[in-house]
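# Survey of secondary and tertiary structure
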Amino acid sequence: MTNGNAPATARRSTLVVTAHAGDFVWRAGGAIALAAARGEKVTIACLTFGERGESAKAWREGKKLDEIKALRRDEAERAAATLGAEVRFFDAGDYPLVPTTGLTDELVAVYRDTQPDVVLTHPVEDPYNGDHPAANRMALEARVLAQATGYPGEGEIIGAPPVFYFEPHQPEMSGFKPEVLLDITEVWDTKHKAMECLGAQQHLWDYYTDLAVRRGVQLKRNAGPNLGLAHKTMAEAYMRPYPQIAKELA
């Protein structure tokens, strides 16, 4: 018998902090789609549209800055909807993305509003794109500040949600070592459809398809031969900056 006065179980929440409009699709689209498929709430904090540094095709076509921003916003909104997520835009300006107190405060508000159980963001290093480490610094700082009872701002303080760094475009040069391999086979078609929303970066479609295949091979090798994994397993790789909390080793 159900107790009608019992509090409803809180819906799990994932927060993705990303520097540019396309980053969350290439690097974490599978994780987002899996969470959404489980009925979880997924919020993407998109700090910039990637209008200056990640929209070369649109610039070559003669588009103006405002047109490119609108184009990238539309692409990101369609990709997020395809994955089953909500996207919030900050329009902080890219190349460079400059960390500011005001921007961090906005992120603190998002943390407290969404109360994330999991946070996904960029790793600490990326010698090819300074916007990604900048996003990392603000994501981690805002996570800590959002836990502080005395930090000003609306909303309830948060706990200490685990953080996962998604894979950068140049992992070998960015100190990235796959520590978690996530099987995204069941949502691969969804991720690929989201990738196809990003026409401004069409040159990356094949790269991230090939990467998912390679990470899938590694997943199978590390999972063992008899677990019933699909013949063609697709995967995403992640790192963890904080210790995993557990009551048993598994």
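Parameters at a glance
- Residues numbered from 1 in each chain as written.
- Predicted model: local features only at pLDDT ≥ 70, side-chain atom pairs only at ≥ 80, totals over all residues.
- Heavy atoms only, no water.
- Helix = DSSP H or I, 4+ residues; strand = E, 2+ residues; numbered from the N terminus.
- Rg over C-alpha atoms; globule rule 2.2 N^0.38 Å.
- Buried < 20%, exposed > 50% of the residue type's maximum accessible area, 1.4 Å probe, protein only.
- Areas by Shrake-Rupley, 256 points an atom, 1.4 Å probe, with all protein chains shown as cover.
- Lys, Arg positive; Asp, Glu negative; His and termini not counted.
- Charge placed at Lys NZ, Arg CZ, Asp CG, Glu CD.
- 1 Å grid on protein atoms, 1.4 Å probe; cavity = no way out; pocket = protein on both sides within 12 Å on 5 of 7 lines; lining within 4 Å.
- Points joined across faces, edges and corners; volume = space filled by probe spheres on them.
- Nonpolar A, V, L, I, M, F, W, Y, C, P; charged D, E, K, R; others polar.
- Core = buried A, V, L, I, M, F, W, Y, C linked by side-chain atoms within 4.5 Å.
- Contact = heavy atoms within 4.5 Å.
- Pairing = 2+ DSSP bridges.

### Concerning the overall build of the chain
When you go through the chain residue by residue, the secondary structure sums to 7 helices and 7 strands. Order of helices (α) and strands (β) in the chain, N terminus to C terminus: β-α-β-α-α-β-α-β-α-β-β-α-α-β. Radius of gyration (C-alpha) of the chain: 18 Å, near the 18 Å computed for a compact globule of 250 residues. With the principal axes as the frame, the chain shows a C-alpha extent of 65 × 50 × 35 Å. Within the chain, buried positions represent 48% of all 250 residues. Approximately 12,800 Å² of the chain is accessible, and the part contributed by carbon and sulfur atoms is 52%. Computed over 28 positive and 34 negative side-chain charges, the inter-centroid distance for the chain is 3 Å.

### Here we look at the layout of surface pockets
To find leftover empty space, one rolls a probe the size of a water molecule over the atoms. Approximately 340 Å³ is the volume found for the largest pocket. If you go around the largest pocket, you meet 21 residues; those closest to its centre are Glu54, His169, Gln201, His203 and Leu204. If you list the elements that add at least two residues to the lining of the largest pocket, you get α1 (23-37) and α2 (56-60). Looking at the lining of the largest pocket residue by residue, the classes come out as 7 nonpolar, 8 polar and 6 charged. Approximately 290 Å³ is the volume found for the second largest pocket.

### Considering the nonpolar core
Of all hydrophobic cores here, the largest spans 40 residues; its most connected members are Val16, Phe24, Ile32, Ile44 and Leu120. Among the elements that make up this core, the one with the highest residue count is α1 (9 residues). Among all residues touching Ile44, those that are not within four sequence positions of it are Val16, Thr18, Phe24, Ile32, Ala80, Ala85, Glu86, Val87 and Arg88. Core analysis: the next-biggest nonpolar cluster, separate from the first, contains 27 residues, Leu107, Val108, Ala135 and Ala142 among them.

### Section: the pairing of strand β3 (residues 86-89)
Judged by which residues are buried, β3 turns out to be one-sided: Val87 and Phe89 face inward and are buried, whereas Glu86 and Arg88, on the alternate face, are not. Sheet analysis places strand β2 (residues 41-46) next to β3, joined by 4 bridges and oriented parallel. What sits directly across from Thr43, in β3, is Glu86.

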